[in-house]
Amino acid sequence: MDSFLAEPAWIALRLSLKVACWATLLDLVFGVALGYLLARKRFPGRELLDALLTLPMVMPPTVLGYYLLVVIGRHGPLGAWLQQTFGINLIFTWQAAVIAAAVVAFPLVLKGARAAFETVDTQLEQAAKVLGISPFGVFLRVTLPLAWRGVLGGTLLAFARSMGEFGATLMVAGSIPGKTQTLSIAVYEAVQAGQDDTANLLVLITSVVCIVVLVAANKLTPNRNPQA
Amino acid sequence: MRGLKLGVVAVLAAMGAAASAAEITVSAAASLTNAFKEIGAAYEKEHAGDKVQFNFAASDPLVQQIAKGAPVDVFASADQDAMDKADSLKLLAAGSRKNFASNSLVLIAPLAATLPIKGIADLQQAAVTRVTMGNPASVPVGRYTKHALEQAKLWAAVEPKAIYGTSVRQSLDYVARGEVDAGFVYATDAAVMKDKVKVIATVPTETPVSYPIAVIAAGPQAAAGRQFADYVLSSSGQAILAKYGFGRP
């Protein structure tokens, strides 16, 4: 069993799951906060902010990867600061893969959360407020429970997207077996080297994981047609 | 409706016209990028009507693409291993395989680097944390590097620091951006980025770095492909290769 789990394919799967979990967690926190902000607050530039935050969904991952490389690389503004202040180097680490996956998948959580919050009846929130619950309490006990299906659906999609991230990840995290070589990058390397057996196994694993996540996401997203 | 039909006919005609010209597809090792682009332009000037299009990548994936049926006419590899693979898969036109250039493996560092690396033995230093090279499983420069480091009994020390590139040009880019401490590329690649990287040492290789070229048996433009391969071997082709620092075969 030990040797089976030490196979490169399973190491890559574990790494992909780790990266996708962290990326999804980051997206969930920021996606819910910003989704709520966009759904409920009126401020100048609201739609522009929405558009900017949705950009990763339509931009090629290579473009995002290049942006990230320029920003968090050793000579990038953020990368140089992290290096000098904390001695942290992100490029070619699994944390860089998390950042890449989180950026690419972020719009999926944001869009889902914003739409879900917009459908919540504000009168219910008002009622809770009248009953003396603090604003944060209203969010936690009224708004979020009513919106959670939409939020969770978007989150699962983000998880699936993070699992499949390739272009931006390869650019900032490289392809180091056991360290940054995620499933999708392991597939690429196996095909490049002509190792079709390995590629077949990896592709199979990836497909199964994605199908499971998509089925779960479909079950959790709000049913638009309850009669069907 | 009529407009749509006319449009479809026009598009099909345009596509047909493009396909009927002698369009040679050349899959070549990434290290040949600059030299082959110039050779392609020179070839097109001498053979009016012919078009040369290039597909540059690491040699092994190029073999995989051809093996899976990519319409390629000429294949130029950065080592004999990749060409041997193509040969064993019976992809090459009989008798067309010839060596056309040589190169050397060099250790490079970012121009602004301050680490005291003077040769491959210094890569063992603890201060050196990241060394880029091609992936030995699919990139020739990675295979040359691995063999050279194994011979110098340094592979065990350097492997944990390795950042694998998907082609020699990716490794070159990592060094040029200063994301790694050092890297292994060909002398001709280092010359392309003289303003960003410095050559520390020439690394002796077990087998000489020699580039074979061959015509693909199933290529759609086999005759024109043969002509292009001959041009690479001709004195004009060799002069361009020499200009970019490649040695005689």
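Overview of the structure. Quantities reported herein were computed from a predicted structural model and do not represent experimental measurements. Residue positions are given per chain, counting from 1 as you read along its sequence in written order. Lettering of chains starts at A and numbering of ligands starts at 1, both following the order in which they are written. Where local features are concerned, this predicted model is filtered to residues with pLDDT of at least 70; where side-chain atom pairs are given and counted, the filter is 80 or more; whole-chain, interface and lining totals use all residues. Heavy atoms throughout the structure, all of them, feed into the side-chain values; hydrogens and water do not.

## Here's the deal with unusual backbone geometry
All names here are of chain B. Positive phi is not limited to glycine here, since K90 has a value of about 60°. Structurally, the position occupied by K90 is in the loop between α4 (80–88) and β4 (98–103). In this structure K90 comes out as exposed when scored by relative accessible area, which is 71%. Only DSSP runs of H or I covering at least 4 residues are called helices, and only runs of E covering at least 2 are called strands; the numbering of each starts at the N terminus. Exposed residues in this analysis have more than 50% of their type's maximum accessible area, buried residues have under 20%, and partly exposed residues fall in between, with area computed by a 1.4 Å probe over protein chains only.

## Details of the sheet that holds strand β10 (residues 209–215) of chain B
Residue and element names in this part refer to chain B. Only when DSSP finds a minimum of two bridges between them are two strands counted as paired. Read from one edge to the other, the open sheet built from five strands follows the order β2-β1-β3-β10-β4, with strand pairing classed as mixed. The sheet is open, and its two borders are formed by β2 (51–57) and β4, each paired with just one other strand. The sheet shows a mean angle of 20° between the axes of neighbouring strands, taken without regard to direction. Note: β4 against β10, five bridges, orientation antiparallel. Bridge pairing links S102 to S210 in β10. α4 rests against β3 (74–76), β4 and β10 of the sheet, and its axis sits at about 25° to β10. Between N-to-C directions, angles cover 0 to 180 degrees, with each direction set by a line fitted to C-alpha atoms, over the stretch in contact for helices. Two residues qualify as a contact provided that any one of their heavy atoms is within 4.5 Å of a heavy atom in the partner residue.

## Details of the sheet that holds strand β6 (residues 131–134) of chain B
Residues and elements named next belong to chain B. One open sheet accounts for five strands, arranged β7-β6-β8-β5-β9; its pairing is mixed. The outermost strands of the open sheet, each flanked by one partner alone, are β7 (162–165) and β9 (197–203). Direction aside, the axes of adjacent strands within the sheet are offset by 35° on average. When β6 meets β7, the two strands line up parallel, connected through four bridges. Across the sheet, the residue bridging to V131 is A162, located in β7. Packing against the sheet, helix α5 (residues 140–151) makes contact with β5 (105–110), β6, β8 (182–186) and β9, and its axis sits at approximately 115° to β8. The strands that helix α7 (residues 168–176) touches are β5, β6, β7, β8 and β9; relative to β8, the one it contacts most, it runs at about 140°.

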